[in-house]
Amino acid sequence: MYGAMLQTCLRHGDIKLMGSSESILSSADRLLGDSTPELPAEEIIPLVETFIQRQSLFLELKKKHGSPLYIIEPEILRARVRQFCEAFRKELPDFGMYYAVKSNNCSEIVNILISTGTGLDVSSASELRLALECKADDIVFSGPGKTDDELLMSVDHRDKVTLLIDSFGELERLGKISRGISGSIRVGVRLTSDEQGLWRKFGIPLSELERFMTRADSFQHVRFAGLQFHTSWNMNSENQIAFIKRLGEKLQELSDKKREQIDFIDIGGGFWPSAGEWLQPAGTPEGRLRQVVEPTYQFEKRHYKVSALPIGAFASSIGRAVKTYLYPFVSCRICAEPGRWICNDAMHLLLSVVDKKSEDLVITDAGTNAVGWERFEVDYAPVINLSCPETQERESLILGSLCTPHDVWGYGYWGSEIKPGDVLLIPSQGAYTFSLRQSFIKDLPKVVFLSGSTESNSKDQKG
């Protein structure tokens, strides 16, 4: 019973269950003692102030387009691309960036990023179609379980697509599909970065690399060109560096001929924004545990934070690892596939209060179907009352209008008061919200642009 409970409560392997009730309870005790650091108000207030300072721009959007809205800031997207590429090219001059479309598949965002010269990382036929419709000409297609139709689509657009093969079976099917084409399709192989548990889903074991390359060479129209790996939720570069070291050891074993085939090594994405992960109490490991074993427990602290490295520190440490462990054996381009880091701060949600049911409970005109999951029960983002702004957070349930009690935007708001008609802004919601939106009960928000002191309307994004 204890093991099932704790495995439900904890993510990312925060503790290892040893088998006995005593050891499990001991681990739980250590977990409760090693609490997640608090997110101080002093870190939240500067972010809140930046939006209060532009209050009139957001209120004008509401006046012109109504609510709810997804608001895109193109300048932030462009700035993030510059910052990311400059950081890595300082360390690795031959560096390429591919935006992970799954993190936010809004066509307007994709178009803006293509205009900066970045490539796209897609993981399905629908994302590939979007990339092609947006006139992308440098696309990597990754992900497990590609269908024959998806492989054929990649072959048909081989002038634009590098196909990252996920398994030997996928390679065999591609070999058959590519028979008779003119020229060849450029491919790489994904290497699994964790050969235990659910991450085995992705790629092939590093030990199988040489056999894979040999088999790829046997297909006339398949041109092997590189490697990819990915680690996720990277608050720092430790996991990326650890795999780069393992990869270097494997490259040392390959023949010169096979090493010469490697034109690129793609280190994946998973870079967390430098602001870190902001959490509600229920989003922390100890909070999830307490909620199960003591549902009425009252947390003294309201917000928590898991710190993350600045992108310059990521680039510096990864660059050193590449030079130390990879460049002695290969001379190739290094690529990355950031998603969250690029789009997170470039899209915001604007809502309106439609009902105040008590002093500590209001209902808004948007439901969390706009973000696709019960995000704000575990994640924290400030809810800023642009109609009555103040750099003080007051307690109140901020709830959506879906027919479910889990429709939560937050447990407080930044403002002097809150009432029907007030306009609320939830900033920095660009990553893994829009792509997960659902046509569930309520209509989805419209998409608009905010650009300095000017803005323009975009087409509605529904379904």
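What you are looking at is a predicted structure, and each value in this text was computed from that prediction instead of being measured.

## Here's the deal with the environment of glutamate 86
Within the secondary structure, glutamate 86 sits in helix H5 (residues 74–91). When its relative accessible area of 55% is taken as the criterion, glutamate 86 is described as exposed. In this structure the C-alpha to C-alpha distance between glutamate 86 and glycine 415, which are 329 residues apart in sequence, comes to 38 Å.

## So, the packing of aromatic side chains
This model, assessed by the stated rule, comprises 16 aromatic pairs. Note on phenylalanine 88 and phenylalanine 271: the rings are 5.7 Å apart at their centroids and 75° apart in plane angle, and the pair reads as edge-to-face. You can see phenylalanine 88 sitting in helix H5 and its partner phenylalanine 271 sitting in the loop between strand E8 (264–266) and strand E9 (277–279), a full 183 residues away along the chain. Residue classification places phenylalanine 88 among the buried positions, given a relative accessible area of 0%. Lying over the aromatic face of phenylalanine 141, lysine 146 brings its terminal NZ or CZ to 5.7 Å of the ring centre. One cation-aromatic arrangement involves arginine 340 over tryptophan 233; the distance from NZ or CZ to the ring centre is 5.6 Å.

## Considering the packing of H5 against helix H14 (residues 311–326)
Where H5 meets H14, the axes come as close as 8 Å, and the angle between the chain directions of the two elements is 30°. It follows from the interaxial angle that H5 and H14 lie roughly parallel. Relative to H14, the crossing made by H5 is right-handed. Mapping the contact onto sequence places Gln83, Phe84, Ala87, Phe88 and Glu91 in H5 and Ile311, Gly312, Phe314, Ala315, Ser316, Ile318, Gly319 and Lys323 in H14. Of the residues contributing to the contact of H5 with H14, the split by class is 7 nonpolar, 4 polar and 2 charged.

The rules behind these values
Just so you know, the residues in each chain are numbered from 1, in the order the chain's sequence is written. For this predicted model, a pLDDT threshold of at least 70 governs which residues receive local features, and a threshold of 80 or more governs which side-chain atom pairs are given and counted, while totals over whole chains, interfaces and linings are taken from all residues. As a rule here, side-chain values come from all non-hydrogen atoms in the structure, and water together with hydrogens is ignored. Secondary structure elements are taken from DSSP: a helix is a run of H or I of four residues or more, a strand is a run of E of two residues or more, and numbering for both begins at the N terminus. Relative accessibility under 20% of the residue-type maximum defines a buried residue, over 50% an exposed one, and the middle range a partly exposed one, all with a 1.4 Å probe and only protein chains included. Put simply, two rings from Phe, Tyr or Trp (the six-membered ring, in Trp's case) pair if the centres are within 6.5 Å, and we call them stacked under 30 degrees between planes, edge-to-face over 60, tilted for the rest. The criterion for a charge sitting over a ring is simple: Lys NZ or Arg CZ within 6 Å of the ring centre, and within 35 degrees of the ring normal. The convention used is that axes are lines fitted to C-alpha atoms, helices contributing only their stretch in contact, and that angles between N-to-C directions extend from 0 to 180 degrees. Each angle gets one of four labels, with under 35 degrees taken as roughly parallel, over 145 as roughly antiparallel, 65 to 115 as roughly perpendicular, and the rest as oblique. Each crossing is labelled by how the near helix is turned from the far one, with a counterclockwise turn of less than a right angle marking it left-handed and a clockwise turn marking it right-handed. Whether two residues are in contact is decided by their heavy atoms, any of which lying within 4.5 Å being enough. Side-chain classes follow a simple rule in which Ala, Val, Leu, Ile, Met, Phe, Trp, Tyr, Cys and Pro form the nonpolar group, Asp, Glu, Lys and Arg form the charged group, and the remainder, Gly included, forms the polar group.

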